[in-house]
Amino acid sequence: MSNAVIRKTLVSLAVAGSVTLAHADVVIGVAGPHTGAYAAFGAQLWNGASAAAKAINDAGGIDGEMIKLVKADDACEPKQAVSVANRLVDSDEAVAVVGHFCSSSSIPASNIYEEAGVLQVTPASTNPGYTDRGLPNVFRVCGRDDQQGDVAASYIVDTLGAKNVAVIHDKGTYGKGLADAMKSTLNAYGVKEVLYEGLTRGEKDFNALVTKIRSVDADVVYFGGLHSEAGPFVRQLREQGSKAVFISGDGIVSEEFVSVAGSPKYVDGVLMTFGADPTSYAAGKEVVNQFRADGIEPEGYVMYSYAAMQVVAEALKQADLDPIKAADWLHGHKVETVMGTKSFDEKGDLLVSDYVMYEWDDKGKYSMLDM
Amino acid sequence: MDIILQQLVNGLSLGSVYGLIAIGYTMVYGIIGMINFAHGDVYMVSAYVTAIAIALLSFFGIESFPVVILGTLIFTIFVTGVYGWVIERVAYRPLRGSSRLSILISAIGMSLILQNYVQISQGAKQQGVPTLLSGAIRFDVGDGFVQLTYMKLFILCASFIGMGVLTYIIQKTKLGRMCRATQQDPKMASILGIDTDKIISTVFVIGATMAALAGVLVTLDYGGFDFYVGFIIGIKAFTAAVLGGIGSLPGAMLGGIILGLSEALFAGLISSDYKDVFSFSLLVIILIFRPSGLLGKPEVEKV
């Protein structure tokens, strides 16, 4: 199926609100923040998933059935996530979903998918609560915040040898979950944080909080949250003369982090945990080159979404397009993806996580650190 | 000690921005008794216009800070003023004389239109402008220091000058006298030959220009913005206007400063998680004791 057809489908969906699709196709939803403040991540999801679907269709589809993608926009809002999940299940009759992006969307939506017997594979939601509730239909091809928090905490203690750690979060499911996970590992190492505070998503002025961080002489600031708050936050930290090391998680993996900070000089030296370079796998070389040839930089979650689509397609193929059987199958089998071989435990988490530390430089790019 | 002084600086600069935006809410309420919910989005539009102005100026090779800032201010204030005029013309004037509720709905609709228009035309991405003015003044206090960035200093000066000029216009000029007359009694003012429709338009334009001033200052200071940036700051500014007494010009400025200071001090000394809870509790307490705000006049029901 060509891109033009996908586009036409989307346009008609946008116009009509809902369209019953032909049953001969395998309908798969791609759910994430396609609009709103986090739309950059939605674009990553869509680029990865649609490229994978195209490659699978070009190779004959799933047992001859073509994949038809449906874009579902949750804007990272839990309420909207539930309503688009219902739409995907009821009017689009999707059998599987790649998404959502934000944990606070993936978790409420997963209940809808479970009731409807729809397979859900998220490329990005890292909150432990997504898989910890024992739903049979949920999987993720990324790590968990507790694993991510472990990596950050051991880096802070072992490599940086920091004494005064300030832990800041954005009060969201992802941000607070990540900050709490890091904090508990940090405390297990015997380091007690000097400050633990939340900021408000959507605000831009964090000067009061920054002054407070300065007053406790923090040498490390750990931030659980997304780039739209991390950008102004790190800028104001630097403007008030703090030299504390700024560490965050995979919520800031976007070049927009630099533009919201205002200048690459503010993100220089910022550290973040993220899965080992998703473009570095031998199995994904061709796909990476194809993306670059098409003018798409496979940054952030593009490759994860590609891999998530491959997992969905392979499982559906093995289970004769029955999503419930496909979920069963995934619990005991390995899948070859562009990010290497993936296998899942009984909860739907990856057996092996691959978090490493990255550093932003003064050009506004990030690269993996040797650890 | 140095920390408290630093928090005062933070609060003052945040509060003066709230004050500038609050002026738009309070003047419009004063003159036609409606809450212009699209005002936060006018501020948002001005952030985009700021970025466009800076891009245009650098396209023509203009780099020096005073010229860029002056050019950006003039361009943004003009374009945003036009937005303010058009909004009044399109969304509110046709509803003049109808119930307050329908104007309110029209305002909410205008707010949604502006957000979606910007999202579609500019994209949903986070946008940024380059840093124009960096560096800071440092005061040593005890064994710590208080840092005042040049940008913060500029914000404080520019917003106080803006408020001063506006107060002068309202109190001392003929235009200001006509505004005050229209506010007191629109019917009588029009009998005496004041074109009240024109005055109402002017008030919308003034509100939009003050929001534009805030938009330029904040955008240059924080660097990043998106199409949703007007929502929270709009609500905060509205709170400031109510706090100071909606309808009262000095009240809006005072309310803004009090809100900014209380947020900064509470976040700095107690907890940033609950600073909004504190601000709104303060609002409730003030409204219990002074139902029309700090400097507001109680509304007299005419029989």
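Residues numbered from 1 in each chain as written. Chains lettered and ligands numbered in written order. Predicted model: local features only at pLDDT ≥ 70, side-chain atom pairs only at ≥ 80, totals over all residues.

## A word on the interface of chain B and chain A
Here comes step 1: Every contact between the two is made by 33 residues of chain B and, on the other side, 32 residues of chain A.
Here comes step 2: If you list the elements that add at least two residues to the side of chain B that touches chain A, you get α1 (2-32), β1 (127-128), β3 (144-149), α9 (230-244) and α10 (249-269) of chain B.
Here comes step 3: With 5 residues, α1(B) is the largest single contributor of residues to the side of chain B that touches chain A.
Here comes step 4: Partitioning the side of chain B that touches chain A into residue classes produces 13 nonpolar, 15 polar and 5 charged. (Contact = placed C-beta atoms within 7 Å. Helix = DSSP H or I, 4+ residues; strand = E, 2+ residues; numbered from the N terminus. Nonpolar A, V, L, I, M, F, W, Y, C, P; charged D, E, K, R; others polar.)

## Notes on the sheet that holds strand β5 (residues 138-140) of chain A
Residues and elements named next belong to chain A.
Here comes step 1: The parallel open sheet is built from 5 strands, whose spatial order is β2-β1-β3-β4-β5. Unpaired on one side and paired on the other, β2 (67-73) and β5 mark the two borders of the sheet. This sheet shows a mean twist of 25 degrees between the axes of neighbouring strands, independent of strand direction.
Here comes step 2: Two elements, strand β1 (residues 26-32) and strand β3 (residues 96-99), share 4 bridges in a ladder whose sense is parallel. Its bridge partner lying in β3, isoleucine 28 is registered against alanine 96.
Here comes step 3: Seen against the sheet, helix α3 (residues 78-90) touches β1, β2 and β3 and runs at an angle of roughly 155 degrees to β2.
Here comes step 4: Docked against the sheet, helix α4 (residues 103-116) engages β1, β3, β4 (119-122) and β5, running at close to 160 degrees with respect to β4. (Pairing = 2+ DSSP bridges. Axes fitted to C-alpha atoms, helices over the stretch in contact; angles between N-to-C directions.)

## Description of unusual backbone geometry
Trans is the common state for peptide bonds, and a negative phi is the common state for residues other than glycine.
Residue and element names in this part refer to chain A.
Here comes step 1: Of the consecutive residues glycine 99 and histidine 100, the connecting peptide bond is found in the cis state with omega at 0 degrees.
Here comes step 2: Inspection of the secondary structure puts histidine 100 in the loop between β3 and α4.
Here comes step 3: Positioned with a positive phi, cysteine 76 is a non-glycine residue whose angle comes to about 65 degrees.
Here comes step 4: When you line up the elements, cysteine 76 lands in the loop between β2 and α3.

## Observations regarding the sheet that holds strand β6 (residues 165-169) of chain A
Residues and elements named next belong to chain A.
Here comes step 1: The strand order β7-β6-β8-β9-β10-β13-β14 describes an open sheet built from 7 strands, whose pairing is mixed. On the outer flanks of this sheet lie β7 (195-198) and β14 (366-368), each paired with one strand and no other. Taken pair by pair, the neighbouring strands of this sheet meet at an average axis angle of 25 degrees, ignoring direction.

## Some words on the packing of helix α6 (residues 174-184) of chain B against helix α8 (residues 196-222) of chain B
Residues and elements named next belong to chain B.
Here comes step 1: Remark: α6 packs on α8, axes separated minimally by 10 Å, with the N-to-C direction vectors making an angle of 105 degrees. Considered as vectors, α6 and α8 are oriented roughly perpendicular to each other. The residues of α8 that touch α6, namely those facing Leu175, Met178, Cys179 and Thr182, are Thr196, Ile199, Thr202 and Val203.
Here comes step 2: Residues of the contact of α6 with α8, tallied by class, amount to 5 nonpolar, 3 polar and no charged. (Parallel < 35°, antiparallel > 145°, perpendicular 65-115°, else oblique.)

## As for the pairing of β7(A)
Residue and element names in this part refer to chain A.
Here comes step 1: Both β6 and β7 contribute to a ladder of 4 bridges, which runs parallel. Residue pairing for β7: valine 167 is matched across the bridge by tyrosine 196.
Here comes step 2: A crossover links β6 with its parallel partner β7, the connecting element being helix α7 (residues 173-188), and its sense is right-handed. (Right-handed = clockwise from strand over helix to strand, strands pointing away.)

## Describing the domain arrangement of chain A
Residues and elements named next belong to chain A.
Here comes step 1: Under the domain assignment, chain A is made up of domain 1 (3-144 + 279-343) and domain 2 (145-275 + 355-368).
Here comes step 2: Once you take the C-alpha centre of each, domain 1 and domain 2 turn out to be 29 Å apart.
Here comes step 3: Every contact between the two is made by 16 residues of domain 1 and, on the other side, 17 residues of domain 2.
Here comes step 4: By residue class, the composition of the side of domain 1 that touches domain 2 is 8 nonpolar, 6 polar and 2 charged. (Domains from an automatic or database assignment.)

## Section: the environment of Tyr38(A)
Residues and elements named next belong to chain A.
Here comes step 1: Locating tyrosine 38 in the fold gives a position in the loop between β1 and α2 (39-58).
Here comes step 2: In this structure the C-alpha to C-alpha distance between tyrosine 38 and aspartate 250, which are 212 residues apart in sequence, comes to 13 Å.
Here comes step 3: Filtering out sequence-adjacent residues up to four positions away, tyrosine 38 remains in contact with Pro33, Cys76, Phe101 and Leu226.

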